[in-house]
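Spelled out from the first residue to the last, the chains are:
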Amino acid sequence: MTRTRTTLTATVFVAALTLAACGNEGSPTTGTGGGGSASGDAAPSYAVASDVAITGSPTFDKIKAAGKVRIGVKADQPGIGLKDAASGQYAGFDIEIAKLMAAKLGFAPDAIEYTETVSANREPFLQQGTVDLVVASYTINDKRKAVVDFAGPYYIAGQDLLVAKDDTSITGVDALSGKKVCSVEGSTPATRIRDEHPEATLVTFDTYSKCVEQLTSGSVDAVTTDDAILRGYAAQQPDVLKVVGAPFSEEPYGIGLAKGDTALRNALNDAIEAAVSDGDWKKAYDFTLGGSGTDPEPPTVDRY
């Protein structure tokens, strides 16, 4: 199938990325976004592209007119998307990806307006125009692609289990018979447990942090979602929690956008590919998830 490429001005993404002098320097620690890593390392900077134009994108037209980009993110996922209660700032790999995409679209961190999302409201937020993009551990699947579009994937996660540190009974998904397993309603992990592992008792909440509270109180036996998210929670309480380490799925994380905005989707895919090529993707990963003991290869975007 022939793909209509995004038309950019002379300062195309690649030029803007390779020539930092053509734009401003956007630091993830400035503006409304914040940033941060457990190690305290200095936050990476991403060159902000100049004079970007995306022909045929109604969403980008609105973004340009507003002078800001509204991005839906998670607020309760350590290492992925976490809001600091004291400062109100967001940090995590998804937040870095959001800033990276904004920079490549021509927006500095202080031009990003974050909106907290939960799994169940990501599609409605895009459909209703509440946000322009969603970068929120958002697994690409056919059901969601029927109502929204995705750029990416920008990361491949795998569903796993978080359990008590001293629990030796749960060694993987095949050991869940009779166990209470907590996940978020509307999420892919919850659906997989409900449909493929009915021998487990599924308990759902609207955030994973509530599931973790249930686990630490002994009300459930395990929490399930993507391994990257679970490792963030385990790192917060290493003497109490552990990740089983037996992933049983592939979860391609994508950037959600309004259905039918092919021009913007293509531009974001171009930006992801450029970020991989110029090293920005690795900078974002190393700053947030680099201490998790994994060093994954960046995924290949899906030009559907």
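Scope of this entry: the structure provided in the associated data block. Predicted, not measured: the structure shown is a model, and the values here were computed from it.

What follows concerns the overall build of the chain. Scanning the chain for helices and strands turns up 10 helices and 15 strands. For the chain, the residues scored as buried account for 51% of the 304 residues in total. Considering only intrachain contacts with a sequence separation of at least 6, the fraction spanning at least 24 residues in the chain is 73%. Within the structure as shown, the chain displays about 12,600 Å² of accessible surface, and the carbon and sulfur contribution to it stands at 50%.

This part covers the packing of aromatic side chains. The full count for this structure, using the stated rule, is 10 aromatic pairs. Seen from their ring centres, Tyr155 and Tyr285 are 6.3 Å apart, and the 25° between their planes marks the pair as stacked. Of this pair, Tyr155 sits in strand β9 (residues 148-157) while Tyr285 sits in helix α10 (residues 280-288); the two residues are 130 residues apart in sequence, bridging distant segments of the chain. On the basis of relative accessible area, Tyr285 is assigned to the buried category, the value being 1%. Among the aromatic residues, ring-to-ring pairing joins Phe93, Tyr154, Tyr155, Tyr253, Trp281 and Tyr285 into one connected group.

Moving on to the nonpolar core. A general tendency of soluble globular proteins is for nonpolar side chains to be buried together. Membership of the largest hydrophobic core comes to 63 residues, with the highest contact counts inside it found for Tyr154, Tyr155, Leu162 and Ile255. In terms of residue count, helix α3 (residues 93-104) provides more of this core than any other element does, eight residues in total. For Leu162, the residues in contact, after removing those within four places along its chain, are Val212, Leu215, Asp221, Ala222, Val223, Leu230, Tyr233, Ala234, Leu241, Lys242 and Val243.

Looking now at the pattern of salt bridges. Within the structure shown, the criterion is met by 14 salt bridges. Asp149 is paired through a salt bridge with Lys259; the nearest N and O atoms lie 3.4 Å apart. With a gap of 110 residues between them, Asp149 in strand β9 and Lys259 in the loop between β15 (251-258) and α9 (262-278) connect regions that are remote in the sequence. Residue Asp149 is classed as buried on the basis of its relative accessible area, which comes to 3%. Residue class for Lys259 comes out partly exposed when judged on its relative accessible area of 47%.

Across the sheet, five strands lie side by side as β12-β11-β13-β10-β14; this open sheet has mixed pairing. Strands with a single pairing partner mark the edges of an open sheet, and in this sheet they are β12 (201-205) and β14 (241-243). Ignoring which end each strand starts from, the neighbouring axes of this sheet average 30° apart. On top of the sheet, helix α6 (residues 188-196) reaches β10 (159-164), β11 (180-184), β12 and β13 (222-226); it is set at about 160° to β12, its chief contact.

It is worth spelling out the sheet that holds strand β6 (residues 90-91) at this point. Within the open sheet, the three strands sit side by side as β4-β5-β6. Their pairing is antiparallel. Either end of the sheet is taken by a strand with one partner, and the two such strands are β4 (76-77) and β6. Across two bridges, strand β5 (residues 81-83) lies against β6 in antiparallel orientation. Within β6, the residue paired with Leu82 across the bridge is Ala91.

With that settled, the discussion passes to the packing of α3 against α9. Where α3 contacts α9, the two axes come as close as 10 Å, and the packing angle between them is 110°. Compared by their axis directions, α3 and α9 come out roughly perpendicular. Judged by residue contacts, Leu100, Met101 and Lys104 of α3 engage Leu268, Ala271, Ile272, Ala275 and Asp278 from α9. Considering only residue class, the contact of α3 with α9 consists of six nonpolar, no polar and two charged.

If you trace the backbone, Thr115 turns up in strand β7 (residues 112-116). Setting aside residues up to four positions removed in sequence, Thr115 forms contacts with Ile71, Gly72, Val73, Phe125 and Val131.

Moving on: α6. Within α6, the full set of buried residues consists of Thr188, Pro189, Ala190, Arg192 and Ile193. Among the residues of α6, the N-terminal cap falls to Ser187, whose side-chain oxygen and the backbone nitrogen of Ala190 are separated by 3.2 Å.

It is worth spelling out the packing of α3 against α10 at this point. The interhelical angle for the contact between α3 and α10, taken along N-to-C directions, is 155°, at an axis separation of 9 Å. Regarding the angle of α3 to α10, the classification is roughly antiparallel. Note that α3 runs across α10; the crossing there is right-handed. Contact residues: Phe93, Glu96, Ile97, Leu100 and Lys104 in α3; Asp280, Trp281, Ala284, Tyr285, Phe287 and Thr288 in α10. Residue composition of the contact of α3 with α10, by class: seven nonpolar, one polar and three charged.

A few words now on unusual backbone geometry. Cis peptide bonds are those with omega within 30 degrees of zero, and the linkage from Gly152 to Pro153 qualifies with 10°. Residue placement: Pro153 occurs in strand β9. The backbone of Ser137 sits at a positive phi, close to 40°, despite the residue not being glycine. Ser137 gets classed as buried once you look at its relative accessible area, which sits at 7%.

Procedures and definitions
- Residues numbered from 1 in each chain as written.
- Predicted model: local features only at pLDDT ≥ 70, side-chain atom pairs only at ≥ 80, totals over all residues.
- Heavy atoms only, no water.
- Helix = DSSP H or I, 4+ residues; strand = E, 2+ residues; numbered from the N terminus.
- Buried < 20%, exposed > 50% of the residue type's maximum accessible area, 1.4 Å probe, protein only.
- Contact = heavy atoms within 4.5 Å.
- Areas by Shrake-Rupley, 256 points an atom, 1.4 Å probe, with all protein chains shown as cover.
- Phe/Tyr/Trp six-rings, centres within 6.5 Å; stacked < 30°, edge-to-face > 60°.
- Core = buried A, V, L, I, M, F, W, Y, C linked by side-chain atoms within 4.5 Å.
- Salt bridge = Lys/Arg side-chain N within 4 Å of Asp/Glu carboxyl O.
- Pairing = 2+ DSSP bridges.
- Axes fitted to C-alpha atoms, helices over the stretch in contact; angles between N-to-C directions.
- Parallel < 35°, antiparallel > 145°, perpendicular 65-115°, else oblique.
- Nonpolar A, V, L, I, M, F, W, Y, C, P; charged D, E, K, R; others polar.
- Polar contact = N/O pair within 3.5 Å; in protein donor to acceptor, adjacent residues only side chain to side chain.
- Left-handed = near helix turned anticlockwise from the far one by under 90°.

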